[in-house]
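Survey of secondary and tertiary structure
Okay, here's what each chain looks like letter by letter:
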Amino acid sequence: MSSMKKIKSLHVEDMDVVVEPGVGWIELNEYLKPHGLFFPLDPGPGATIGGMCATRCSGSLAVRYGTMRDNVINLQAVLPDGDVVKTGSRARKSAAGYDLTRLIIGSEGTLGVITEVTLRLQKLPSHSVVAMCNFQTVKDAADVAIATMHSGIQVSRVELLDEVQIRAINMANGKSLPEVPTLMFEFIGTEAYALEQTLLVQKIAAEHHGSDFIFVEEPNAKEELWKIRKEALWAGFAMKPDHEAMITV
Ligand SMILES: Cc1cc2nc3c(=O)[nH]c(=O)nc-3n(C[C@H](O)[C@H](O)[C@H](O)COP(=O)(O)OP(=O)(O)OC[C@H]3O[C@@H](n4cnc5c(N)ncnc54)[C@H](O)[C@@H]3O)c2cc1C
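As the structure is a prediction and not an experimental result, all values here were calculated from the model. Residue positions are given per chain, counted from 1 along the sequence in the order it is written. Local features are withheld for residues below a pLDDT of 70 in this predicted model, meaning they are given only at 70 or higher, and side-chain atom pairs are given and counted only at 80 or more; totals for whole chains, interfaces and linings count all residues. Where side-chain values are given, they derive from all heavy atoms of the structure, hydrogens and water being excluded.

Quick look at the overall build of the protein
A run of DSSP states H or I qualifies as a helix once it reaches four residues; a run of E qualifies as a strand once it reaches two. Both are numbered from the N-terminal end. A count of helical and extended segments in the protein gives 10 helices and 11 strands. What the globule rule says is 2.2 Å times the number of residues to the power 0.38, and the radius of gyration is computed from C-alpha atoms. Computed over the C-alpha atoms, the radius of gyration of the protein is 20 Å, within 12% of the 18 Å expected from 2.2 N^0.38 for a compact globule of 249 residues. Principal-axis analysis of the C-alpha atoms gives the protein an extent of 55 × 45 × 30 Å. Evaluated residue by residue, the protein yields a buried proportion of 41% over its 249 residues. Counting only contacts in the protein whose residues sit at least 6 apart along the sequence, the fraction spanning at least 24 positions is 67%. For the charge count, each Lys or Arg is scored as positive and each Asp or Glu as negative, with His and the chain ends excluded. Where a charge lies is defined by one atom per residue type: Lys uses NZ, Arg uses CZ, Asp uses CG and Glu uses CD. With 24 positive and 31 negative side-chain charges, the protein shows a separation of 4 Å between the mean positions of the two kinds. A 1.4 Å probe rolled over the protein chains alone gives each residue an accessible area, and that area as a share of the maximum for its type sets the label: buried under 20%, exposed over 50%, partly exposed in between. Here a residue-residue contact requires only that any non-hydrogen atoms of the pair lie within 4.5 Å.

The following block contains the structure:
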């Protein structure tokens, strides 16, 4: 499907886009940026919309925006007998008949070949804050993630790196991060709202033995901090150079 790379139509007002399956999520987001919109799924860097539908992928923003299942409005597929089906319309409020969209999403190519996808888009946030905090145990870190969700704060990303993963990152990048369970967060919204959420989570983390809570707002600093998570897979190879990675979700 790699030759089917057309972005067929963008509907800015309705916040949706119709694409062919070979379009990558990174190139789609480059196209959408000038319109103030983005597609909130960020799995592997080379992933395409067709493959992402077929694997029902998620990404680091799933906590806020859900997985592929929640972000596809409808799709077109060619069935094994050659029939072409469209699973729905662009209308969001549409519930007639079987939910064929969600049947095909995650079917790994076994039910048909996806040839066109309509995706739900989101508004690019005006401001974001990236934060990181260390914990004595994975349980403390998990308790903070749970307490944060229960407090009603809508984090856009929360990711756990355990002590082994941090050791791999130190080995791969010559860093000296404390080799303990670590949580990474991203908060989005207006400048004041993103900061308010950050400070509330800082307080929750302190109540669960969290230490060294840091947060950054400047774009380069945010990218630098988030790179730790983004390069986690490749850091794993530094620890086991003679091994291959098996990607799971
Ligand atoms: C560094 C890294 C990080 C990742 N992080 C995440 C993550 O956070 N969350 C997550 O869920 N996944 C993650 N993944 C896995 C990634 O989501 C999947 O690899 C991706 O969804 C597959 O997209 P692809 O275009 O590479 O598909 P491919 O690998 O090309 O195909 C995947 C499957 O879909 C089928 N397929 C492809 N296109 C179509 C089509 N048009 N119609 C029907 N079937 C089709 C293929 O036959 C195959 O069975 C990560 C991968 C990497 C390498």
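Focus on the sheet that holds strand E10 (residues 182–189)
Strands are labelled as partners when DSSP assigns at least two bridges between them. Spatially, E9-E10-E8-E11 is the arrangement adopted by the four strands of the open sheet, whose pairing is antiparallel. Two strands lie at the open edges of the sheet, namely strand E9 (157–161) and strand E11 (211–216), each paired on one side alone. Recorded for the sheet is a direction-independent mean angle of 15 degrees between the axes of neighbouring strands. Of the strand pairs in this sheet, strand E8 (residues 127–134) and E11 are connected by four bridges, and their pairing is antiparallel. When the bridges of E11 are listed, Val130 appears paired with Val216. Between N-to-C directions, angles span 0 to 180 degrees; the directions come from axes that are lines fitted to C-alpha atoms, helices contributing only their stretch in contact. Most of the contacts of helix H8 (residues 191–207) go to E10, to which it runs at about 155 degrees, and overall it touches E8, E10 and E11.

Structural notes on the domain arrangement of the protein
What counts as a domain boundary in this text is fixed by an automatic or database domain assignment. For the protein, the domain assignment lists domain 1 (7–123) and domain 2 (127–239). The gap between the C-alpha centroids of domain 1 and domain 2 is 29 Å. Taken together, the seven residues of domain 1 in the interface contact 12 residues of domain 2. Defined here as a combined quantity, buried area equals the accessible surface (1.4 Å probe) lost by two parts on assembly, summed across both. Carbon and sulfur atoms make up 51% of the surface buried where domain 1 meets domain 2, a total of about 790 Å² over both sides. It is Ser60, Val63 and Arg64 that lose the most area in domain 1 upon contact with domain 2, and together they represent 68% of the buried surface on that side. Salt bridges are identified by distance alone: a Lys or Arg side-chain nitrogen within 4 Å of an Asp or Glu carboxyl oxygen. For the interface between domain 1 and domain 2, the tally reads two salt bridges. Lys230 is the salt-bridge partner of Asp42, the closest N and O atoms lying 3.4 Å from each other. For the purposes of these results, a polar contact is taken to be a pair of N or O atoms within 3.5 Å, where, inside protein, one atom must be able to donate a hydrogen and its partner to accept one; residues adjacent in sequence count only when each atom of the pair is a side-chain atom. If you look at where domain 1 meets domain 2, you find four residue pairs in polar contact (both at pLDDT 80 or more). Each residue receives one of three labels: charged for Asp, Glu, Lys and Arg, nonpolar for Ala, Val, Leu, Ile, Met, Phe, Trp, Tyr, Cys and Pro, and polar for the others, Gly being one of them. The class makeup of the residues in the side of domain 1 that touches domain 2 is four nonpolar, one polar and two charged.

Observations concerning the pattern of salt bridges
Opposite charge on two side chains lets them pair, provided their charged atoms get close. Taken as a whole and judged by the stated rule, the model has 12 salt bridges. In this structure, Glu116 and Lys8 form a salt bridge, with 2.8 Å as the shortest nitrogen-oxygen distance. Linking Glu116 in strand E6 (residues 113–120) with Lys8 in strand E1 (residues 7–11), this pair joins segments that are 108 residues apart in sequence. Residue classification places Lys8 among the partly exposed residues on the basis of a relative accessible area of 45%. The partner of Lys86 in a salt bridge is Glu116, with the nearest N and O atoms 3.2 Å apart. Placement of the pair is Lys86 in strand E5 (residues 84–86) and Glu116 in strand E6, with a sequence separation of 30 residues. What you see here is one network of salt bridges that share partners, running through Asp42, Arg157, Glu186 and Lys230.

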